[in-house]
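Chain residues, written in single-letter form:
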Amino acid sequence: MGEELKVIVFALGNEEYGIEVDRVRTIERLSPITRVPKTAAFIKGVINLRGVVVPVIDLRGRFNLEETAPTEHSRIIVVAVGEVEVGFIVDSANDVIDIDTDDIDTPPEIVGGIKAKYLRGIAKLGEGRLLIMLNLAEVLNRNEIVQIEQLEV
Amino acid sequence: MDMNAYLSMFIDESNDHLQSLNENLLQLESNPEDLSIVQSIFRSAHTLKGMSATMGFEDLAALTHEMENVLDLVRNSKLKMDSFIFDTLFKGLDALEAMVQDIIGGGTGKADVTAIVAALQSILKSDYKSGSAPSASSETSAPAGEESSASLLDQFQSSILLQSMETGHEPYYVQVTLDDNCVLKAARAYMVFDVLERTGEVVKSDPSVQDLEQEKFDRSFKVFTISTIPAASLREQIANISEIASVEVTPLDAESLASLTSAPAAAAVEAPPKPAEAEETPAAKKEAAETAKKPAAGTQAVGRTIRVDIDRLDTLMNLFSELLIDRVRLEQLASEIKRNDLTETVEHMARVSSDLQNIVLKLRMVPVDSVFNRFPRMVRDLAKSLDKKIDLVITGADTELDRTVIDEIGDPLVHLLRNSVDHGIETTAKRLEAGKPETGTINLRAYHSGNHVFIEVEEDGAGINQEKVLKTAIKNGVITEEESKKLNSNEINMLIFAPGFSTADKISDISGRGVGLDVVKTKITSLGGNVTVHSEFGKGTKFSVQLPLTLSIISAMLIKLGSEKYAIPLTSIVETGIVKRSSMLNVHGNRMIKFRNTIIPVVSLSQVLESPDYDETTEEENEMIVIRKGEKWAAVLVDEFIGQSEIVLKSLGKYLTNIHAISGATILGDGQVALIIDPNALIK
């Protein structure tokens, strides 16, 4: 038996993804987002999270998936990695589950169009359900954003 | 956690005492006959010694003890202060400060102070040749006493207790036993210490405070304490703490003290106070009694302030701005519903919350004194090393500024003062030659004016030599010879702030590396302030620093670009107006307009910010804001003015950094985030 891990499950399209609970600060409904000019396209802007200004990125855009219009199920998951605090726009967030770290396999090179380096692994949940675990440090890697910005400008 | 509570208290108080030692020593230096100053120096040193001994910082205690011995002689008029003693004491203070810094940085506060201790002891000995030898011998035996850790009390602690007895305070030996089933032993011990420290001073505990905090004790511990209240009430107060099984408070006298003190040290300690006592005049005794009473009164006054972590104030401010947003919503609802009692309640809430806002903002204000207080010492040392005579006159030290600004202005001011001492004030010989008084004066002033605080550094020195400034500026490539002819005298003076500029003929280690003044200017500009210089050749120079009252709240102009709202800091706005597109000129493909007899460039904000739904070219007339960056101006075209407002500055966080033309964000009354435009980025 490996360690038990509490994970927040959210959806992007047909896939289910997971983030460790202790990285998640809060889950919010969509609120008005203020656009920040001259940033990468997937950076949607900033929101007011109880008096603190928090940047929001569209995870679909971040993973080069097709962006869709927000629905009433859309949520902003605010995560904190070190001193960086960022909100992710996801299609829905509705579950907290326990998984065993032993059940997490290394991901194949590309999963659902997402590069393996953004993933921590794939957890088997039984009944053929798979959960893609995100590697937050890599998703929030600033160097890459700088490169993307340079490409776009 | 307990250890931290003690440690931060110790650090704060040590810093306070070191500061007052510094100030008082400086005062004493200019006024060596004033024994009342020696008294307060002695008090500070004494408290510092007690605190550091309690916390187990032995080197700190040892050095303070030596300094205290010297001061004791001065206090009792057995020793005259001279410059050697002053220098040694100052050196001692520096060493103490270094040790406290080390403790702040998580170190143990250990330092090699043998040289200073030796110097202090030599002062003691040279005096003792003419008088009482025993005390000197006690100094030499002191280390022996320290090392014998097996004994209950060491030499300092025992001498502190003895002194407290002489001044009419009650030393006690307190034995506390905790309940068998007490879970939080360290917490209870902390509460006992809290009681003891409220009523007096803890001299020694067994096991040590550190062990107590880490629960490295069985059920009971023993404390030596000096208290202002009788034994019975002390016992009662401690017994009132829950989970205390028994308390024994035994008053101490000289005999029982001697029996508790380690043998070698006891002999040494018992000897010196007696001759000293015999020589003390009644008046001196009375003075000593007063010294001991004053700190007790002082601790009560201190109780009126508390220290608060600045992060908590920030959180308070964040939560409060949330409340403001709700207030705006409530006001809107009330005006829609139109019910009188609701409207009245909301209006009342609005008044209360605006009072509350004022208080929250004031909480962050700190007097500039906390920066100024280290300058007298600095100027003294600099002047001495340069062999100049300088008076530093400080006015307006009680002027208040936001804590965030205070933290930042220290270094720029140090630069300016060093510059004044080094380049401004002339040498004594030159001053006399110029018919000036031998001693130069530097005025350091702070005062409020509108939404700003001004800090001025003015000296009556040589003034700026404009010819020399121009020559150097041309030589160093700051300006060309052509440009130099167009400059007025103010502009020439401002050249000294240019990067890579220094007029000092030779580089001194005080200033003159040509990095000083431009760093000052950059720093102050980054704080949203401004620095100017006025100088009259031969008469003196005045640097004037203008600073915003706070960094967290600024006045700004709110504007609209289509559906988006932005804020532009008012400090860089010159004027607002309307301009017809037909009156815009085209110069080399750049649009310009005529403004106050000059031609200034036009900046399209919607293009810079890539506005999704606004394009000013579709309109015949555009709203414009004329902004300024130093001497350069530009007209920024916007969609619509919303109005002027006080906004709370927020950062965009660590994820979004270096965004072009955006310096931060703020939260508007409706809860939406508006970005703050950096006008400096709009002017090339």
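Residues numbered from 1 in each chain as written. Chains lettered and ligands numbered in written order. Predicted model: local features only at pLDDT ≥ 70, side-chain atom pairs only at ≥ 80, totals over all residues.

Draft legend 1. Layout of the overall build of chain A. When you go through chain A residue by residue, the secondary structure sums to three helices and 13 strands. Taken over 153 residues, chain A has a buried fraction of 35%. Restricting to contacts in chain A with at least 6 residues of sequence separation, those with at least 24 account for 51%. (Helix = DSSP H or I, 4+ residues; strand = E, 2+ residues; numbered from the N terminus. Buried ≥ 20, exposed ≤ 12 C-beta atoms within 10 Å, placed from the backbone. Contact = placed C-beta atoms within 7 Å.)

Draft legend 2. Quick peek at the overall build of chain B. When its secondary structure is counted, chain B shows 26 helices and 22 strands. Looking at chain B as a whole, 32% of its 684 residues are labelled buried. Considering only residue pairs separated by 6 or more positions, chain B has 69% of its internal contacts joining residues 24 or more positions apart.

Draft legend 3. The sheet that holds strand β13 (residues 130-134) of chain A, seen in detail. All names here are of chain A. Strand order across the open sheet formed by six strands is β8-β1-β2-β13-β12-β9, with mixed pairing between neighbours. Strands with a single pairing partner mark the edges of an open sheet, and in this sheet they are β8 (92-100) and β9 (104-105). Relative to strand β12 (residues 119-124), β9 is paired through two bridges, and the arrangement is antiparallel. Within β12, the position partnered with Ile-104 by the bridge is Ala-123. (Pairing = 2+ DSSP bridges.)

Draft legend 4. Seen up close, the interface of chain A and chain B. Counting from both sides, the interface comprises 21 residues of chain A and, opposite them, 23 residues of chain B. Put simply, the parts of the chain that give the side of chain A that touches chain B at least two residues each are β4 (43-49), β5 (52-58) and β7 (84-90) of chain A. Element by element, the count of residues in the side of chain A that touches chain B is highest for β5(A), at four residues. Residues that form the side of chain A that touches chain B fall into these classes: twelve nonpolar, four polar and five charged. (Nonpolar A, V, L, I, M, F, W, Y, C, P; charged D, E, K, R; others polar.)

Draft legend 5. Quick peek at helix α4 (residues 83-104) of chain B. Residue and element names in this part refer to chain B. Compared with an ideal rise of 1.5 Å per residue, which puts 22 residues at 32 Å, α4 spans 31 Å between its outermost C-alpha atoms and is within 8% of the ideal. Among the residues making up α4, those that are buried are Thr-88, Leu-89, Gly-92, Leu-93, Ala-95, Leu-96, Met-99, Val-100 and Ile-103. In an axial view of α4, the angular spread of the buried residues amounts to 165°, which keeps them on one side of the axis. In this structure, α4 carries Ser-83 and Phe-84 as exposed residues pointing more than 90 degrees from its buried face. Positioned one or two residues after α4, Gly-106 has a phi angle of 95°, which is positive. (Expected span 1.5 Å × (residues − 1). Arc of directions from axis to C-beta.)

Draft legend 6. Spotlight on the packing of helix α2 (residues 35-55) of chain B against helix α3 (residues 58-75) of chain B. Residue and element names in this part refer to chain B. Taken N-terminus to C-terminus, the directions of α2 and α3 make an angle of 155°; their axes are 9 Å apart at the nearest point. The angle between the axes of α2 and α3 places the two elements in the roughly antiparallel class. Between α2 and α3 the crossing geometry is left-handed. The segment α2 lies against α3, with Leu-35, Val-38, Gln-39, Ile-41, Phe-42, Ala-45, His-46, Leu-48, Lys-49, Ser-52 and Ala-53 engaging Leu-60, Ala-61, Thr-64, His-65, Met-67, Glu-68, Leu-71, Asp-72, Val-74 and Arg-75. (Axes fitted to C-alpha atoms, helices over the stretch in contact; angles between N-to-C directions. Parallel < 35°, antiparallel > 145°, perpendicular 65-115°, else oblique. Left-handed = near helix turned anticlockwise from the far one by under 90°.)

Draft legend 7. A look at the environment of Lys38(A). Tracing the chain through its elements places Lys38(A) in the loop between β3 (24-29) and β4. Overall, the presence of 15 C-beta atoms within 10 Å leaves Lys38(A) in the partly exposed class. Once residues lying within four places of it in the same chain are set aside, the contact partners of Lys38(A) are Glu610(B), Ile659(B) and His660(B).

Draft legend 8. Region of the structure containing the packing of helix α15 (residues 310-337) of chain B against helix α16 (residues 340-363) of chain B. Residue and element names in this part refer to chain B. Two elements in contact, α15 and α16, have axes whose closest approach is 10 Å; the angle formed by their N-to-C orientations is 160°. Classified by the angle between their axes, α15 and α16 sit roughly antiparallel to one another. Our pair here, α15 against α16, has a crossing hand that is left-handed. Of the residues in α16, those in contact with Leu-313, Leu-316, Met-317, Phe-320, Leu-323, Leu-324, Arg-327, Leu-330, Glu-331, Ala-334 and Ile-337 of α15 are Leu-342, Thr-343, Val-346, Met-349, Ala-350, Ser-353, Leu-356, Gln-357, Val-360 and Leu-363.

Draft legend 9. The arrangement of the UniProt feature "modified residue: Phosphohistidine" (unreviewed entry) in chain B in detail. Mapped onto the present numbering, the UniProt feature "modified residue: Phosphohistidine" (unreviewed entry) falls at His46(B). Looking at the element boundaries, His46(B) is found in helix α2. (UniProt positions renumbered as here; feature names shortened; annotations may be inferred.)

Draft legend 10. Region of the structure containing the pairing of strand β6 (residues 75-81) of chain A. Residues and elements named next belong to chain A. Across the seven residues of β6, five count as buried, placing the element largely inside the fold. Pairing of β3 with β6 involves five bridges; the strand directions are antiparallel. In the sheet register, Ile-27 faces β6, and the bridge partner there is Ile-77. In this structure, β6 lies alongside β7, joined through seven bridges in antiparallel fashion.

Draft legend 11. Molecular detail of the sheet that holds strand β4 (residues 244-251) of chain B. Residues and elements named next belong to chain B. With respect to topology, four strands assemble into an open sheet ordered β2-β3-β1-β4, the strand pairing being antiparallel. At either margin of the open sheet sits one strand with a lone partner, and together these are β2 (200-206) and β4. When strand polarity is set aside, the average angle formed by the axes of neighbouring strands in this sheet is 25°. Across eight bridges, strand β1 (residues 170-178) lies against strand β3 (residues 220-227) in antiparallel orientation. Considered in β3, the bridge of Gln-175 is made with Lys-222. Here helix α8 (residues 185-199) sits on the sheet in contact with β1, β2, β3 and β4, set at roughly 140° to β2.

Draft legend 12. Up close: the environment of Ala93(A). Residues and elements named next belong to chain A. Tracing the sequence through the fold places Ala-93 in strand β8. Sequence separation of Ala-93 and Ile-76 is 17 residues, and the distance between their C-alpha atoms is 8.6 Å. Filtering out sequence-adjacent residues up to four positions away, Ala-93 remains in contact with Ile-8, Phe-10, Ile-27, Arg-75 and Ile-77.

Draft legend 13. Up close: the environment of Asn240(B). Its location among the elements puts Asn240(B) in the loop between α10 (231-239) and β4. Separated by 48 residues in the primary sequence, Asn240(B) and Val192(B) have C-alpha atoms spaced 9.8 Å apart.

Draft legend 14. Fine view of the confidence of the model for chain B. Residues and elements named next belong to chain B. Here chain B averages 77 in pLDDT, while 84% of its residues score no lower than 70. Within the model, the stretch residues 263-303 combines pLDDT values under 50 with 48 contacts to residues more than four positions away or in other chains. Taken together, the stretch residues 505-514 has pLDDT below 50 and engages in 18 contacts with residues farther than four places along the chain or on a different chain. (pLDDT = per-residue confidence, 0-100.)

Draft legend 15. Highlighting α15(B). With 28 residues, α15(B) should reach 40 Å at 1.5 Å per residue; the first-to-last C-alpha distance of 40 Å fits that figure. Among the residues trailing α15(B), Lys338(B) stands out with phi positive, at a value near 55°.

Draft legend 16. Expanded view of unusual backbone geometry. Residue and element names in this part refer to chain B. One non-glycine residue, Lys-338, adopts positive backbone phi at about 55°. Within the element layout of this structure, Lys-338 appears in the loop between α15 and α16. Even without being glycine, His-588 reaches a positive phi, approximately 50°. Topologically, His-588 is positioned in the loop between β15 (585-587) and β16 (590-595).

Draft legend 17. Molecular detail of the pairing of strand β22 (residues 673-677) of chain B. Residue and element names in this part refer to chain B. Across the five residues that make up β22, a large majority, five, are buried. Burial of β22 is two-sided: the residues Val-673, Leu-675 and Ile-677 facing one way and the residues Ala-674 and Ile-676 facing the other way are all buried. As judged from the two bridges shared by strand β13 (residues 564-569) and β22, these two strands associate in the parallel manner. Bridge pairing links Tyr-566 to Leu-675 in β22. Linking strand β21 (residues 662-667) to β22, which pair antiparallel, is a turn of five residues; within it Gly-671 sits at a positive phi near 90°.

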